[in-house]
Structure formats: C-alpha cells, structure tokens
Amino acid sequence: MAGSPAGSPDQEAFLGELLDQGLLIASGVPGLYGHGEGFDTVLAAVDALITRAGAPDHPERLRFPPLLPRHDLETNNYLASFPHLAGTIFSFDGGDAEAIEQAERAHRHDDWSTYQEITDLVLTPAACYPSYPAIAARGPLAPGGVTLDLGGSWVFRHEPSGDPARLLSFRQREMVRMAEPATVSGWRDEWRDRAAALLTSIRLDARVDVAADPFFGRSGRMLAASQRQQELKFEVVVSITEPEPTAVASFNYHQEHFTAPYGIRMADGEVAHTACLGFGLERITLALLRRHGLDRATWPDGVSRALWP
C-alpha cells in the first residue's frame, strides 16, 4: 500500500522471522496477514486464558459479526474523533455497461471507484460498538447492570504499518460493563490490575500506563489531554519490538458517551455508565513468541502450563 509507514529495523526483522517460519502469511498489503497453525494455536490459548480469568464475573456471552450498521457509527459520533481509522463499505451501483467498464478498469488496476456507492454497513472498529444498541433495546437496566463477554471479535482500523503488532484487521477480546457509575469505574480499575497480573503470569514484562485514544486533528489533541487528565483510559504495555513498548490491553471508562445516545438507563431513570476492556489477541501472541521463542516446544514449563492447563 503506497504511503504505508515502514517499521523499525527490529520490527521488520521480527516480521521477516514470523513470515519465514509460516507463523504469519503475507497478503501483499502491510498490516494484513494470515495466521499459520502455530500462531493460531497460541492465540487460541491466550483467548482461553482470558476466558478463565473473566469467569468469576459471570458475564453474558454475546457475539456479533465484523460488520456494523453505518447508522450506529454515525450515532456514536465515531467519525468526529477517528475519521482516519474508519473502514466504510461500498458496493456496485450500475447496469450492464457500467459493470463491464468497472471490470475492465479493475483488471488494469485503474480506479474503478466511480461505479461504487456507499452501503449501510461499515467495518466494525471496536468490538463493543454493537452491544450498545442491543442492550438499549431491552429497556432499563436492573440494579447492578450487566456484564458482557463479546469474545474475540474481528475489528478494523485503517492504519497500515510495517510493525507486525499494528494490524489493519485483528481480534479484540472485549468485555463491557454497563451499570451505575461507581460500579462501572470499580470494575474497570479491578480489571486493569487483574490484567497486568494475568500477563505477568505468562512471563511478559507487563506494566500499566495512563493512555489516550488516537483522536484526530487539533480538537483531538485536546480530547486526548482531557482523557489522560481524567484517567479515563489505561493500557497494559509489554516489550515486543524496539523502539517502544506496545499496548496489548486497554481499559476505557466511557462515562455516558455510549449510553446517552442510545438511551441506556438504570431502573431509576439515571443514565447508565459504561466501561470496556480489550485484549489484543494478536499482540499478546506476538509478545509471547518474541519473549519465549518462535518454537513453543522450548517455552518455559510454567508458561505452557498457564496457557495449556
């Protein structure tokens, strides 16, 4: 993809090793890779480890496809904050003559976008997004609210890169809490600490940082500063490649950002608050492969027992 930022020498070297070993499969587009069996075996074990860690919360299990109604992206105002990351879906709109011309242009790798019109769908940018209209449709929340396990959902971010840990499409293992403000913020903070301990248990050098989302533009810099000041977002970072550590998990307190647009309220009429936690399954898998080696048969026994009990 033209204009895609190159990775650091360390990132490019690690990516080359992963491709050479068949753990990742090149597509020809930076940030888009298939998974070999060895990679997916580790990723599935990480996913199961997170499931076991979340079991005490007794979450309700919901699953959604990797497509989102465009109306929901517009409702939660995603484009105001992240227009550079959105993935919209277009489809053919024309007759026989236009179809022939489109095919000819595409075969020459020329621009054929003039024959496409925007659809009612977008690629899901965050696994939690479909849950808000779904829960809103149920009516007011009971005291104590609801905890959701949304699984390892495929999401999309338009940020191609030479860094193997920065992907166009990846699996985000996400849980969401909707309830009274104190309940939600306490849950978020508890999971922040629980996640760091979980990653340390598989011998990753995990540490917690206050963070901010990659908001767009001048106003976005103000939003990011406010988010940091209020400590609305934490990340757990680990070392994968130089030059900087990589966020492998995040913990966001949304306050009323998602509940107000959808009218999600508690039984007493107060607007509910939400928080979400997300684990990057590919990133944790990459961190394990970098830390313990590309051949999992050589990994420390304690790590293997934690992942494959």
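Residues numbered from 1 in each chain as written. Predicted model: local features only at pLDDT ≥ 70, side-chain atom pairs only at ≥ 80, totals over all residues. Heavy atoms only, no water.

Caption draft 1: Main features of the overall build of the chain. Within the chain, the regular secondary structure consists of 11 helices and 12 strands. Taking 2.2 N^0.38 as the reference for a compact globule, 309 residues should give roughly 19 Å; the C-alpha atoms of the chain span a radius of gyration of 21 Å, in line with that estimate. With the C-alpha coordinates aligned to their principal axes, the bounding extent of the chain is approximately 60 × 55 × 35 Å. Considering only contacts in the chain between residues 6 or more positions apart, those separated by 24 or more positions represent 70%. Positive and negative charge centroids in the chain, built from 27 and 41 side chains respectively, lie 6 Å apart. (Helix = DSSP H or I, 4+ residues; strand = E, 2+ residues; numbered from the N terminus. Rg over C-alpha atoms; globule rule 2.2 N^0.38 Å. Contact = heavy atoms within 4.5 Å. Lys, Arg positive; Asp, Glu negative; His and termini not counted. Charge placed at Lys NZ, Arg CZ, Asp CG, Glu CD.)

Caption draft 2: Spotlight on unusual backbone geometry. In this chain, E242 is followed by P243 through a cis amide linkage whose omega measures 15°. Inspection of the secondary structure assignment puts P243 in the loop between strand 10 (233-238) and strand 11 (246-255).

Caption draft 3: A look at empty space enclosed by the protein. Using the criterion set out here, one finds one cavity of 30 Å³ or more in the structure. Counted as a void, the largest cavity has a volume near 50 Å³. Forming the walls of the largest cavity are F64, P65, P66, T124, A127, P130, L150, S153 and W154. (1 Å grid on protein atoms, 1.4 Å probe; cavity = no way out; pocket = protein on both sides within 12 Å on 5 of 7 lines; lining within 4 Å. Points joined across faces, edges and corners; volume = space filled by probe spheres on them.)

Caption draft 4: Here's a closer look at the sheet that holds strand 8 (residues 169-179). With mixed pairing, seven strands are arranged side by side in an open sheet as 3-7-8-12-11-10-9. Each of the sheet's edge strands pairs with one partner strand only, and the pair in question is strand 3 (60-61) and strand 9 (207-210). In this sheet, strand 10 lies alongside strand 9 in antiparallel orientation, the contact comprising four bridges. Each bridged residue has a counterpart across the sheet, and for V210 the counterpart in strand 10 is F234. Running over the sheet, helix 7 (residues 181-201) touches strand 7 (146-156), strand 8, strand 9, strand 10, strand 11 and strand 12 (273-280) and is turned about 15° from strand 12. (Pairing = 2+ DSSP bridges. Axes fitted to C-alpha atoms, helices over the stretch in contact; angles between N-to-C directions.)

Caption draft 5: The arrangement of the pairing of strand 12 in detail. By the criterion of burial, strand 12 is predominantly enclosed, with eight of the eight residues buried. Because side chains alternate across strand 12, one face comprises the buried residues H273, A275, L277 and F279, and the other comprises T274, C276, G278 and G280, equally buried. Here strand 8 pairs with strand 12 via eight bridges, running antiparallel. Opposite R177, over in strand 12, you have A275 as the bridge partner. Sheet analysis places strand 11 next to strand 12, joined by six bridges and oriented antiparallel. Within the sheet, the bridge partner assigned to F251 lies in strand 12 and is L277. (Buried < 20%, exposed > 50% of the residue type's maximum accessible area, 1.4 Å probe, protein only.)

Caption draft 6: Geometry of the layout of surface pockets. Roughly 1300 Å³ of volume is contained in the largest pocket. As for the largest pocket, its lining consists of 49 residues, and the residues nearest its centre are F82, D213, P214, K233 and N252. Elements supplying a minimum of two residues to the lining of the largest pocket: helix 4 (78-81), strand 8, helix 8 (217-229), strand 10, strand 11, strand 12 and helix 10 (281-292). Residue contributions to the lining of the largest pocket peak at eight residues, all from strand 11. Here the lining of the largest pocket is built from residues that sort into 25 nonpolar, 15 polar and nine charged. (Nonpolar A, V, L, I, M, F, W, Y, C, P; charged D, E, K, R; others polar.)

Without other data, these values stay purely geometric and don't point to any function.
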